[in-house]
Amino acid sequence: MSRLTELPVWKQLKARRAQMEDVHMRELFAQDPQRFARFSLEFRDILFDFSRNRITGEILDLLYQLARDTGVPEYIEKMFGGEHINHTEDRAVLHVALRDQSGRAIKDAGRNVMPEVRAELRRIREFSEAIRTRRWRGYTGQPITDVVNLGVGGSDLGPVMATEALRPYAIHDLGVHFVSNVDESHITDTLEKLKPETTLFIVVSKSFTTQDTMVNAETARKWLLDGHGNADILRQHMVAVTSNVARAGECGIPEENVFAMWDWVGGRYSLWSAVGLSVAIAVGMEHFEDMLAGAHAMDEHFRNAPFEENLPVTLAMLGIWYVNFFGAESCAILPYDQHLHRLPAYLQQLEMESNGKRVDRDGRVVDYHTCPVIFGELGITGQHAFYQLLHQGTRLVPADFIAPINSYQCIPLHHRILMSNVFAQTEALMRGKTEDEARAELEAEGLSGTELEALLPYKVFPGNKPSNTILYRTLTPATLGALIAMYEHKVFVQGVVWNINSFDQWGVELGKQLAKTILPELDADAEVTSHDSSTNGLINHYKKLRGD
Ligand code: G6Q
């Protein structure tokens, strides 16, 4: 038995869960006209409505108690204080420093990291402005028209998500592209329409050893040099973001073109550093800094607000309620904002790479569930695709609906239709449709007798499906920063409750190791026999047919 499941508050929550089995949220809303007011929180322009959850005030109090009893307050201070809470890598977790505006010192191993952070921000400003104002020229003297971010995982998902999210702030005569896949189609399709003399590559790799990115960078280098043979031109066309300056130099990128990353920032938390250079170039440094300011404001809220008023803590503990007490295996992220179309992919990495762990901080295999499967899609697309399962499937899928109150465009009809869907879907999930209601509808359509009875079971919606609704006024850079920071801290709180290290990712290693063994086997002609019969069979089939 683990310490977590032995906690008295855990046992109390288990008992409350059993009592909630037959309680429908319809009844909870009927009993308390103030339910929305009681179970919603506001932070700046963000409204977080969590009233459509299978909770009572008492359950919520117990969930906050669970956060306290598992040491969340202490861990928050450890993180902000630069303790090496990423214990398997002996590293601090200081992404909050990247956006800190408090003026206080933030220390890693006794050293204030803030001067370096600020110096790097100044370099990002200088460089992004030089590109945007056309001062930075390519080797023929023409200005840069296209920027290509080469990176994968944490070195790609954040920048691409934020660049898309802030599209209304971008200048339109500068193309910003993202290549992450080692599948050559990604880079060749991207470069097809670009010209070497007006293209700038940003090679983003904390380690500067990631095979996918290194291979893409090499292909980009060849494309740039093709027909010129003069490696000096790389100076104007390739920059790097890395913590491995030496490796970047070996790859022909001069030191003055290298932006820093630090070992106290995990890839999936690095958007706020020079990893976000493409974002700063796309939307301008003022907007990039607004995004940092929004995130910082959320950091302060997370650190200082009582749990009862704390958005990330509440979001996290509701997630724990469903994963650990209802057996929910997934969680849906459903943005109703076209510009947030990469948010589900971003949060998938943030949550699943951080908390997809099975061994606790004491090295023991846990006896409770940790991170659920995070999936999602633009809400409107999802409605016409997988919402069927949310409404009438056999599984409980808690969902976050995320929507703007105002859109950037001026066609009100579009936005009203969009919002009517947000309100309708969350209401439908909560209310469902009873047998009586379904029967009345069918009768109104003129059905009766056996025909009606045969159709009736298919028309019933059980409802009682939990959802959160997150509304914000408009997707400004500051709002985006606050939203992302809210999810980062949600992940943090859940990791503390589950007693796991949210900041390593050893699980990505095994596949990489095996790929290293397999690559030379693909080059050789001999039949491969060193693996299981499936791996051997597939490799040999591939070798026989390749090139056809
Ligand atoms: C993120 C992960 C992972 C990482 C990529 C790219 O937290 O560690 O997604 O960002 O593997 O790594 P590099 O930046 O070192 O190329």
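Residues numbered from 1 in each chain as written. Predicted model: local features only at pLDDT ≥ 70, side-chain atom pairs only at ≥ 80, totals over all residues. Heavy atoms only, no water.

A.B. asks: Hey, could you run me through the packing of aromatic side chains in this one?
C.D. replies: Two aromatic rings, taken as a pair, are described by how far apart their centres are and by the angle between their planes. Tallied over the entire structure, the rule returns 19 aromatic pairs. Ring plane angle 35° and centroid distance 5.2 Å describe the contact between Phe-48 and Phe-50, whose orientation is recorded as tilted. Per residue, the accessibility class of Phe-48 equals that of Phe-50, and both read buried. Taken together, Trp-10, Trp-321, Tyr-322, Phe-325, Phe-326 and Tyr-368 form an aromatic cluster joined through their ring pairs. When the ring centre of Tyr-75 is taken as origin, the NZ or CZ atom of Lys-78, which lies over that ring, is 4.3 Å away. A cation over a ring is seen here: Arg-123 above Phe-259, with NZ or CZ 4.5 Å from the ring centre. (Phe/Tyr/Trp six-rings, centres within 6.5 Å; stacked < 30°, edge-to-face > 60°. Buried < 20%, exposed > 50% of the residue type's maximum accessible area, 1.4 Å probe, protein only. Lys NZ or Arg CZ within 6 Å of the ring centre and 35° of its normal.)

A.B. asks: What should I look at first to understand the packing of helix H8 (residues 114–132) against helix H15 (residues 285–304) in this one?
C.D. replies: In helix packing, the relevant descriptors are the interaxial angle and the interaxial distance, both defined with respect to the helix axes. At a closest axis distance of 10 Å, the pairing of H8 and H15 adopts a crossing angle of 145°. Residues Leu-121, Ile-124, Arg-125, Ser-128 and Glu-129 of H8 touch H15, and the partners they reach there are Met-285, Glu-286, Phe-288, Glu-289 and Leu-292. Grouping the constituent residues of the contact of H8 with H15 by class yields five nonpolar, one polar and four charged. (Axes fitted to C-alpha atoms, helices over the stretch in contact; angles between N-to-C directions. Helix = DSSP H or I, 4+ residues; strand = E, 2+ residues; numbered from the N terminus. Contact = heavy atoms within 4.5 Å. Nonpolar A, V, L, I, M, F, W, Y, C, P; charged D, E, K, R; others polar.)

A.B. asks: I keep staring at the sheet that holds strand E8 (residues 238–242) and nothing clicks. Help me out?
C.D. replies: Consider a sheet: its strands pair through backbone hydrogen bonds, and that pairing is either parallel or antiparallel. One open sheet accounts for five strands, arranged E6-E5-E7-E8-E9; its pairing is parallel. Looking at the sheet topology across the chains shown, the edges are occupied by strand E6 (175–179) and strand E9 (258–260). Averaged over all neighbouring strand pairs, the angle between strand axes comes to 20°, with direction disregarded. Of the pairings in the sheet, the one linking strand E5 (residues 146–150) to E6 comprises five bridges and is parallel in character. Residue pairing across strands places Asp-146 opposite Gly-175, the latter belonging to E6. Against the sheet, H8 engages E5, strand E7 (199–204), E8 and E9, with an angle of about 140° to E9. (Pairing = 2+ DSSP bridges.)

A.B. asks: What's the story with the nonpolar core in this structure? I'm lost.
C.D. replies: It is characteristic of soluble globular proteins that their nonpolar side chains tend to be buried jointly. Counting residues in each nonpolar core, the largest one holds 129 residues, and the members touching the most others are Leu-66, Trp-264, Trp-321, Leu-480 and Phe-492. In terms of residues, this core owes the most to one element, helix H23 (residues 477–497), which gives twelve residues. Here Leu-480 is in contact with Met-161, Ala-162, Ala-165, Leu-166, Met-291, Leu-340 and Leu-475, once residues within four sequence places are set aside. Ranked by size, the runner-up nonpolar core spans 22 residues in total, among them Leu-150, Met-214, Leu-224 and Ala-248. (Core = buried A, V, L, I, M, F, W, Y, C linked by side-chain atoms within 4.5 Å.)

A.B. asks: It is not clear to me how the packing of helix H6 (residues 72–80) against H15 should be interpreted in this structure. Could you clarify?
C.D. replies: Here H6 crosses H15 at 140°, and the two axes come no closer than 10 Å. Here H15 runs oblique to H6, going by the angle between their axes. Within the contact between the two elements, H6 uses Ile-76, Glu-77, Met-79 and Phe-80 and H15 uses Asp-299, Phe-302 and Arg-303. Here the residues of the contact of H6 with H15 are counted per class, giving four nonpolar, no polar and three charged. (Parallel < 35°, antiparallel > 145°, perpendicular 65-115°, else oblique.)

A.B. asks: Honestly, unusual backbone geometry in this entry has me stumped. Any pointers?
C.D. replies: The phi dihedral of Asp-90 is positive, around 50°, even though this residue is not glycine. Its identity is not glycine, yet Arg-134 carries a phi of approximately 70°, on the positive side. With respect to the helices, strands and loops of the structure, Arg-134 is situated in the loop between H8 and E5.

A.B. asks: Help me understand the side chain of Ser-40, please; the structure alone is not making it clear to me.
C.D. replies: Relative to the assigned elements, Ser-40 resides in strand E1 (residues 40–43). With relative accessibility at 15%, the residue Ser-40 sits in the buried group. A polar side-chain atom of Ser-40 sits 2.6 Å from the main-chain carbonyl oxygen of Phe-36. With residues near it in sequence (within four places) discarded, Ser-40 still touches Leu-47, Phe-48, Asp-49 and Phe-50. (Polar contact = N/O pair within 3.5 Å; in protein donor to acceptor, adjacent residues only side chain to side chain.)

Interpretation in functional terms is not warranted from these geometric data alone.
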